[in-house]
Amino acid sequence: MLSNVGTQPLFPAGQGPPNPAGQTNQPPPGHLLHFHGRPSVTIKKNAITDDYKVTSQVLGLGINGKVLEIFHKKSGEKYALKNFKLLP
Ligand SMILES: Nc1ncnc2c1ncn2[C@@H]1O[C@H](COP(=O)(O)OP(=O)(O)OP(=O)(O)O)[C@@H](O)[C@H]1O
């Protein structure tokens, strides 16, 4: 899987997410923002091989299948690629 997982809030306390105009939305005074789960997930629509060199090196086996070692083409950074089967 290629997303970062963390428990940190998306935005510092007292600041909201930027709106489409690029301005920061301010929460009501005294309101604390808490985010649970994944802070952000980007769904890519292009082929993974456009951006990553996918190797046949198996890092491990999960319930959904193999986890492969891949490398970001531009940065050379190593990632783990996890496959999911989407049910109809
Ligand atoms: N980021 C990673 N770096 C290195 N190896 C990884 C990484 N992620 C997974 N692996 C390897 O792949 C194996 C399977 O991982 P995976 O997350 O698919 O397991 P899982 O708990 O069965 O998850 P799922 O049920 O979602 O398939 C791990 O046990 C580990 O050996």
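Located above this text is the structure these notes cover.
Residues numbered from 1 in each chain as written. Predicted model: local features only at pLDDT ≥ 70, side-chain atom pairs only at ≥ 80, totals over all residues. Heavy atoms only, no water.

Draft legend 1. Geometry of the side chain of E69. Along the chain, the position of E69 falls in strand 2 (residues 65-72). One polar contact links E69 to K78, side chain to side chain, over a distance of 3.4 Å. If near-sequence neighbours (up to four positions away) are discounted, E69 is found in contact with K53, V54, T55, Q57, L59, K78 and Y79. (Helix = DSSP H or I, 4+ residues; strand = E, 2+ residues; numbered from the N terminus. Polar contact = N/O pair within 3.5 Å; in protein donor to acceptor, adjacent residues only side chain to side chain. Contact = heavy atoms within 4.5 Å.)

Draft legend 2. Structural context of the pairing of strand 3 (residues 78-82). The sheet contact formed by strand 2 and strand 3 spans five bridges and is antiparallel. Across the sheet, residue F71 finds its bridge partner in strand 3, namely K78. Taking the residues between adjacent antiparallel strands as the criterion, strand 2 and strand 3 are bridged by five residues, where G76 takes a positive phi near 80°. (Pairing = 2+ DSSP bridges.)

Draft legend 3. Spatial organisation of the pattern of salt bridges. Counted according to the given criterion, the structure contains two salt bridges. Of the charged contacts, one joins D51 and K44 as a salt bridge, the two residues approaching to 3.2 Å between their closest N and O atoms. Exposure remark for D51: the relative accessible area of 22% places this residue in the partly exposed category. (Salt bridge = Lys/Arg side-chain N within 4 Å of Asp/Glu carboxyl O. Buried < 20%, exposed > 50% of the residue type's maximum accessible area, 1.4 Å probe, protein only.)

Draft legend 4. Broad picture of the sheet that holds strand 3. Ordered in space as 1-2-3, the three strands form an open sheet in which the pairing is antiparallel. The open sheet has two edge strands with one neighbour each: strand 1 (52-62) and strand 3. Going from strand to strand, the sheet's axes swing by 30° on average, the running direction of each strand aside. (Axes fitted to C-alpha atoms, helices over the stretch in contact; angles between N-to-C directions.)

Draft legend 5. Focus on the site of the ligand. Looking at the ligand, the residues that line it are L59, G60, L61, G62, I63, N64, V67, A80 and K82. Backbone polar atom of N64 to an oxygen atom of the ligand: 3.2 Å apart, as the coordinates give it. Those elements that place two or more of their residues in the shell around the ligand are strand 1 and strand 3. Taken together, the residues of the shell around the ligand break down into five nonpolar, three polar and one charged. (Near = heavy atom within 4 Å. Nonpolar A, V, L, I, M, F, W, Y, C, P; charged D, E, K, R; others polar.)

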